[in-house]
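What follows is the residue order along each chain.
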Amino acid sequence: MSGIKGNSTSHEDIASIANDAIEIALPAYNEEEILEASVTRLHQYLTRKFPFSFQIVIVNNGSSDGTAQIAEILSARIPNVRALHLSGTGKGLAVRAAWSTSRAPVLAYMDVDLSTDLAALLPLVAPLLSGHSDIAIGSRLSRGSRVIRGTKREIISRAYNMLLRGTLLVKPPDAQCGFKAIRRSVAHELLPKVIDNGWFFDAELLYLAQRAGLRIHEVPVDWIDNPDSRVDIFEAICSDLRGIARLFWTSCSGAIKFPESLRAQRPPIVSRSPVYENSLAAQLLRFGMVGVISTLAHLLVYILLRSALAAYSANMLALLLATLGNTAANRRFTFKVAGRQHRIRQHAQAIVILCFASAVTSMALAALNKANASAPIGAEVSVLAVANLLATALRFTLLRHWVFKPPSPILKSHENCAQGSRWILPKVHG
């Protein structure tokens, strides 16, 4: 059966929808207590109120309780329900396995506890069935959503999504809601590029879809928190931070590329970055993350060089390499500078700024020693901390307003004209 492509739906696609519209995956890990009730409730809702044909896939991923047995019983007893058993664990692994083997034109997944109101399912999949959108997500943080959950989870969720927007520029406000759908043709192109098989799977999928220029449809949902959730919050946070760092690094290196078949599914549009992408707050967040990663890289290179070089030489070479990497990352990621124009000059300017910043800390320490030659080490650390803070602020300011300063609107318009911009002046008659 053919999937839905482009912006229109053919007669063959309509026939495909009528026979095999949507497949919904339910990842289940040790869910023997709620699995039967959830599958029964979902099946009854789809049978009575959902206007398209469906298939429910229970994905048992490494359960150690009776989940596998219950899944088999349900698949034998209830029509349009099948069971898929995996030895490994992870929500991403379960969703990937279900989506990779499906032939339905639209694929979805939802949390097995059905925390999201099922009334949002039709608005979720309709834009995908029509070919209007490529991915659809439920959002608990959009205007119009209704959410019942504890203060702790609310704060963690909002902080995490702010981090995603500030570092990876993920536009949807709620990347982790367990209520998503995707067109099969898009899933088969994106899934091989998604590395994470755990809780970061959702965010990585959305990030790649956004980078590929796909259309993401967002649906406000009603959502009630499940107090018996199997999610280990601390482990999930650590996994997500590792995923953010990995995507950040691959983004800076330019390693993420998409096939033309994925880009050709929708005609290109003129891209306009949202305001927050170049706002001061967003740049500060990305600058801070670049700084953390480059500091770790500096220490790692120093350790590798120290066995062959003296401490001073190893530190200077490691600092130089880290500075070059830091400048490249800030150029591409923090300040959104594309192309190779002025790259050598910008690297040279960044090295000059590093010298200024180093001089600030050295002069602060020298001033303390001159004022009190026997100052305790605690005082030295305090002075260095303040000096490093000032040096970092100075470095960010110079990078933003000197090294990577965007061209003026007038200059930019001249550059667009020289490069064959798509903006065309109206014809003058007479």
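Residues numbered from 1 in each chain as written. Predicted model: local features only at pLDDT ≥ 70, side-chain atom pairs only at ≥ 80, totals over all residues. Heavy atoms only, no water.

K.L.:
Looking at this structure, how should I read the overall build of the protein?
P.N.:
Helices and strands together make up the secondary structure of the protein, namely 15 helices and nine strands. Residue burial in the protein is summarised as follows: out of 430 residues, 42% are buried. Across the protein, every contact between residues at least 6 apart in sequence was considered, and the portion connecting residues at least 24 apart equals 78%. (Helix = DSSP H or I, 4+ residues; strand = E, 2+ residues; numbered from the N terminus. Buried < 20%, exposed > 50% of the residue type's maximum accessible area, 1.4 Å probe, protein only. Contact = heavy atoms within 4.5 Å.)

K.L.:
Sorry if this is basic, but what is going on with the sheet that holds strand 8 (residues 216-220) here?
P.N.:
Strand pairs in the sheet, formed through backbone hydrogen bonds, run parallel or antiparallel to each other. Spatially, seven strands are ordered 3-2-1-4-7-5-8 in an open sheet, and the strand pairing comes out mixed. Each end of this open sheet is capped by a strand with a single partner; those strands are strand 3 (81-86) and strand 8. Each neighbouring strand pair of the sheet contributes to a mean axis angle of 20°, computed without reference to strand direction. Strand direction decides the pairing type here: strand 4 (residues 106-110) and strand 7 (residues 179-183), joined by five bridges, are antiparallel. Along strand 7, the bridge assignment pairs A108 with A181. Along the sheet face, helix 3 (residues 67-77) touches strand 1 (22-28), strand 2 (54-61) and strand 3 and points at about 155° away from the line of strand 3. (Pairing = 2+ DSSP bridges. Axes fitted to C-alpha atoms, helices over the stretch in contact; angles between N-to-C directions.)

K.L.:
Any chance you could explain unusual backbone geometry here in plain terms?
P.N.:
Most of the time, phi is negative for any residue but glycine, and the peptide bond is trans. Phi at L114 is positive, roughly 55°, even though this residue is not glycine. In this structure, L114 sits in the loop between strand 4 and helix 5 (121-129). Residue L114 is classed as buried on the basis of its relative accessible area, which comes to 7%. Phi at K336 is positive, roughly 60°, even though this residue is not glycine. The residue K336 is located in the loop between helix 12 (311-334) and helix 13 (343-371) in this model.

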